[in-house]
Amino acid sequence: MRKKFLYVSIVLLTLTGLGLIIIPNGMRFTGYLLLGAAAVWAAGIALVCWGKRSRTGRILKRIFFTGLTLGLLALTGIEAAVVFRGEADNSAAPVDAVIILGAGVNGEEPSAALWSRIRAAEDYLEIHPEVPVVLSGGQGPGEAISEAEAMRRALWKEDAAENARLLLEDRSTNTAENFRFSKALLEERGLDTGTATIAVVTNDFHCFRAHMIARKQGLQTVCVPAELPWWWLTANYYLREAFAVVKTALFD
């Protein structure tokens, strides 16, 4: 009965994962994660069975489960740091500039992620009315305009002075370029980016990694977190972000 339950669980994980990957729903990473969990589960069952018959199998089983435990502990720690950073409220912190990181644009319409950043930026800019603001994001596949231009249109006001502080950075294709090109724009405006504190508007799940990348660019930042409107997408991106943090730490 127990073995049957384990096999049924593997099948359910696999089918659910395939469904999330095939059906467009913004949760493809969770689908791949479920497929990975099914594969790990199957490997664990195989090693347990092998360990009952072979000394080599017992050794490999110990190595496998020890590595799995350490990996899960590490990912749990990273996930906790990502969540903690994403929930920090820095709205009252004094800053010298603001960078709004771009997200996808569907044709000329901001995606849900970008709209959430725009709305968070609107609230934040009302509290900080005089600091320069970099709208950072280039034009990618399926985008009729740059992400920076989409943000500019959404944030455009009738007040000319308010619009004058909006600086467009429309060349970047990733977060590292967001910061590199935005830093150059702010320096052209006379800001000492080596001592300045910069508010970064991005989604809550992205705050931790954005901070990591900004530090590599020599920037001191605080995050202004924007929440997605759907909890299941937020959960998907928080899961993905833990793995992205590992990639950034090792390779970026």
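Before any of the text, the structure's been laid out above.
So, here's what we can say about the structure. Bear in mind that the values here come from a model prediction, so they are computed numbers and not experimental data. (Residues numbered from 1 in each chain as written. Predicted model: local features only at pLDDT ≥ 70, side-chain atom pairs only at ≥ 80, totals over all residues. Heavy atoms only, no water.)

Moving on: the environment of Asn106. Within the secondary structure, Asn106 sits in strand 2 (residues 105–106). For the pair formed by Asn106 and Pro141, sequence separation is 35 residues and the distance between their alpha carbons is 9.4 Å. With residues up to four places along the chain from it excluded, the contact list for Asn106 reads Ser111 and Gly142. (Helix = DSSP H or I, 4+ residues; strand = E, 2+ residues; numbered from the N terminus. Contact = heavy atoms within 4.5 Å.)

The next thing to look at is the side chain of His206. Assignment of secondary structure puts His206 in the loop between strand 6 (197–203) and helix 8 (207–216). Apart from the residues lying within four places of it in its own chain, the contact partners of His206 are Leu101, Arg117, Thr175 and Glu241.

Let us now look at the packing of aromatic side chains. Scanning all chains against the criterion turns up six aromatic pairs. Ring centres of Trp231 and Trp232 lie 6.0 Å apart, and the angle between their planes is 85°; this geometry places the pair in the edge-to-face category. Arg152 extends its terminal NZ or CZ atom over the ring of Trp156, reaching a point 5.0 Å from the ring centre. Over the ring of Phe181 we find Arg171, and its NZ or CZ is 3.9 Å from the ring centre. (Phe/Tyr/Trp six-rings, centres within 6.5 Å; stacked < 30°, edge-to-face > 60°. Lys NZ or Arg CZ within 6 Å of the ring centre and 35° of its normal.)

Here the focus is the state of the cysteines. Under the definition given, this model contains one disulfide. A sulfur-sulfur distance of 2.0 Å marks the disulfide that ties Cys207 to Cys223. Between Cys207 and Cys223, the S-S dihedral sits near -60°, and the bridge is therefore left-handed. Pair noted here: Cys207 is in helix 8 and Cys223 is in strand 7 (residues 220–226), with a separation of 16 residues, a long-range link. (Disulfide = S-S within 2.5 Å.)

What follows covers the packing of helix 3 (residues 55–87) against helix 9 (residues 231–251). At a minimum axis separation of 9 Å, helix 3 and helix 9 run at an interaxial angle of 110°. It follows from the interaxial angle that helix 3 and helix 9 lie roughly perpendicular. The way helix 3 lies across helix 9 gives a crossing that is right-handed. Contact residues: Leu75, Ile78, Glu79, Val82, Val83 and Gly86 in helix 3; Tyr238, Leu239, Glu241, Ala242, Phe243, Val245 and Val246 in helix 9. For the contact of helix 3 with helix 9, the per-class residue count stands at 10 nonpolar, one polar and two charged. (Axes fitted to C-alpha atoms, helices over the stretch in contact; angles between N-to-C directions. Parallel < 35°, antiparallel > 145°, perpendicular 65-115°, else oblique. Left-handed = near helix turned anticlockwise from the far one by under 90°. Nonpolar A, V, L, I, M, F, W, Y, C, P; charged D, E, K, R; others polar.)

So, about the environment of Lys247. Within the secondary structure, Lys247 sits in helix 9. For Lys247, a relative accessible area of 45% gives the class partly exposed. (Buried < 20%, exposed > 50% of the residue type's maximum accessible area, 1.4 Å probe, protein only.)

Time to look at the environment of Gly17. Residue position: Gly17 is located in helix 1 (residues 2–22). As a C-alpha pair, Gly17 and Cys49 span 32 residues in sequence and 25 Å in three-dimensional space. Excluding its chain neighbours within four sequence positions, the residues that come into contact with Gly17 are Gly31, Leu34 and Leu35.

Scanning the model with the defined rule gives four salt bridges in all. Ionic pairing is found between Glu149 and Arg152, a salt bridge with its closest N-O pair at 2.6 Å. Highlighted residues: Glu149 and Arg152, both in helix 5 (residues 147–155), separated by three residues, approximately one helical turn. You can call Glu149 buried: its relative accessible area is 15%. Given a relative accessible area of 22%, Arg152 falls into the partly exposed group. For Arg209, the salt bridge goes to Glu241, with nearest N and O atoms at 2.5 Å. Within this pair, whereas Arg209 is found in helix 8, its partner Glu241 is found in helix 9, the two being separated by 32 residues in sequence. Pair check on accessibility: Arg209 and Glu241 agree, each one buried. Taken together, the shared-partner salt bridges in this structure form one network comprising Glu108, Glu149, Arg152 and Arg153. (Salt bridge = Lys/Arg side-chain N within 4 Å of Asp/Glu carboxyl O.)

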